[in-house]
Amino acid sequence: PEAWQRTQLTSMWDGLAMLETSPAPGCEDWAVCSDAVNLLETLIKQGEVEDTQGLLSDAITALAQAGTRHKAGQTLRLSGPGMQAVRAVLEDYAAVMAVLPARVMIRCHRLTERRIRDILQGKRMAHDVQVLAM
């Protein structure tokens, strides 16, 4: 439903804005951006969309680096190119969410949740970059 889309996207955009401008962005800001990246990754793996510009990998790397810096005691921040990559992923996610059927998005959420749960239980796949418990 449109209201759900608006709520989710607002949360994700607010999270990115906090990572870009807040003096002390929180882990929840990082997490909602990671959610967008993980959800788009699922859609790509399921063949629903394509990553024609290759920015998904850049966004994954940027979020992992920001999390690593945060765990080392630094402010939770994205690099300039990282901000651009995450912003592009959020734009792509918003665009595909607007056109894909609800059943595809529900399946995407379920598959993504299952994958994250598996990763947290130690069942990682070769392409998993890094999982951060913050």
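Residues numbered from 1 in each chain as written. Predicted model: local features only at pLDDT ≥ 70, side-chain atom pairs only at ≥ 80, totals over all residues. Heavy atoms only, no water.

## A look at the overall build of the chain
To be explicit about the condition: In this text, helices come from DSSP runs of H or I with a minimum length of four residues, and strands from runs of E with a minimum of two, each type numbered from the N-terminal end. This radius of gyration counts C-alpha atoms alone. The globule rule is 2.2 Å times how many residues there are, raised to the power 0.38. Throughout, exposure labels follow a simple rule: accessible area from a 1.4 Å probe, protein chains only, divided by the maximum for the residue type, with under 20% read as buried, over 50% as exposed, and the rest as partly exposed. Per-residue and other accessible areas follow the Shrake-Rupley method at a 1.4 Å probe size, with only the shown protein chains counted as cover for residues. A positive count includes Lys and Arg, and a negative count includes Asp and Glu. His and the chain ends are not counted in either. To locate a charge, take atom NZ for lysine, CZ for arginine, CG for aspartate or CD for glutamate.
Each helix and strand counted, the chain has five helices and zero strands in total. Tracing the chain from N to C terminus, the helices and strands come up as α-α-α-α-α. Radius of gyration (C-alpha) of the chain: 14 Å, near the 14 Å computed for a compact globule of 134 residues. When its C-alpha atoms are laid out on the principal axes, the chain stretches across 40 × 30 × 25 Å. Looking at the chain as a whole, 39% of its 134 residues are labelled buried. For the chain, the computed accessible surface area is about 7700 Å², with 53% contributed by carbon and sulfur atoms. With 14 positive and 16 negative side-chain charges, the chain shows a separation of 7 Å between the mean positions of the two kinds.

## Considerations on the pattern of salt bridges
Quick note on the threshold: We define a salt bridge as a contact between a side-chain nitrogen of Lys or Arg and a carboxyl oxygen of Asp or Glu at a distance within 4 Å.
For the coordinates displayed, the defined rule picks out four salt bridges. Two residues, R6 and E2, come together in a salt bridge whose shortest N-O distance is 3.4 Å. Separated by four residues within a single helix, R6 and E2 lie in helix α1 (residues 2-21), roughly one turn from each other. Connected through shared salt-bridge partners, E41, K45 and R115 make up one network.

## Details of the state of the cysteines
How we decide: Two cysteine sulfur atoms make up a disulfide if the distance between them is within 2.5 Å.
One pass over the structure, following the stated rule, counts zero disulfides. For C33, which is in no disulfide, the shortest distance to another cysteine sulfur is to C27 and amounts to 12 Å. For C33, a relative accessible area of 0% translates into the label buried.

## Focus on the side chain of Q8
Using the following cut-off: Residues adjacent in sequence count toward polar contacts only when both atoms are side-chain atoms; beyond that, a polar contact is any pair of N or O atoms within 3.5 Å, and within protein one must be able to donate a hydrogen and the other to accept it. Note on contacts: a residue pair is in contact if any heavy atoms of the two residues lie within 4.5 Å.
Mapping Q8 onto the fold places it in helix α1. A polar contact of 3.0 Å, which involves the side chain of Q8, links it to the side chain of Y93. In contact with Q8, other than residues within four places in its own chain, are L39, Y93, M97 and H109.

## So, helix α3 (residues 55-71)
The cut-off we apply is this: Expected span of a helix: the number of residues minus one, times 1.5 Å.
Helix length check: α3 (17 residues) gives 24 Å between terminal C-alpha atoms against 24 Å at 1.5 Å per residue, within 8%. Tucked into the core, α3 has its buried residues touching α2 (27-45) and α4 (80-99).

## Describing the packing of α2 against α4
Here is the rule we go by: Lines fitted to C-alpha atoms define the axes here, with helix axes fitted over just the stretch in contact, and angles between the N-to-C directions of these axes take values from 0 to 180 degrees. Any angle between 65 and 115 degrees counts as roughly perpendicular, while under 35 counts as roughly parallel, over 145 as roughly antiparallel, and the rest as oblique. Each crossing gets its handedness from the near helix: less than a right angle anticlockwise from the far helix is left-handed, clockwise is right-handed.
At a minimum axis separation of 9 Å, α2 and α4 run at an interaxial angle of 60°. Compared by their axis directions, α2 and α4 come out oblique. As α2 runs across α4, the sense of the crossing is left-handed. In this structure, α2 contributes C33, A36, V37, L39, L40 and L43 to the contact, and α4 contributes V86, V89, L90, D92, Y93 and V96.

## Considerations on α4
End to end, α4 covers 29 Å across 20 residues, agreeing with the expected 28 Å (1.5 Å per residue, within 8%). Of the residues making up α4, those classed as buried are G82, A85, V86, A88, V89, L90, Y93, A94, V96 and M97. Contacts made by the buried residues of α4 are with α1, α2, α3 and α5 (102-120). One side-chain oxygen of the residue at the start of α4 lies 3.0 Å from the amide nitrogen of G82, identifying that residue as S79.

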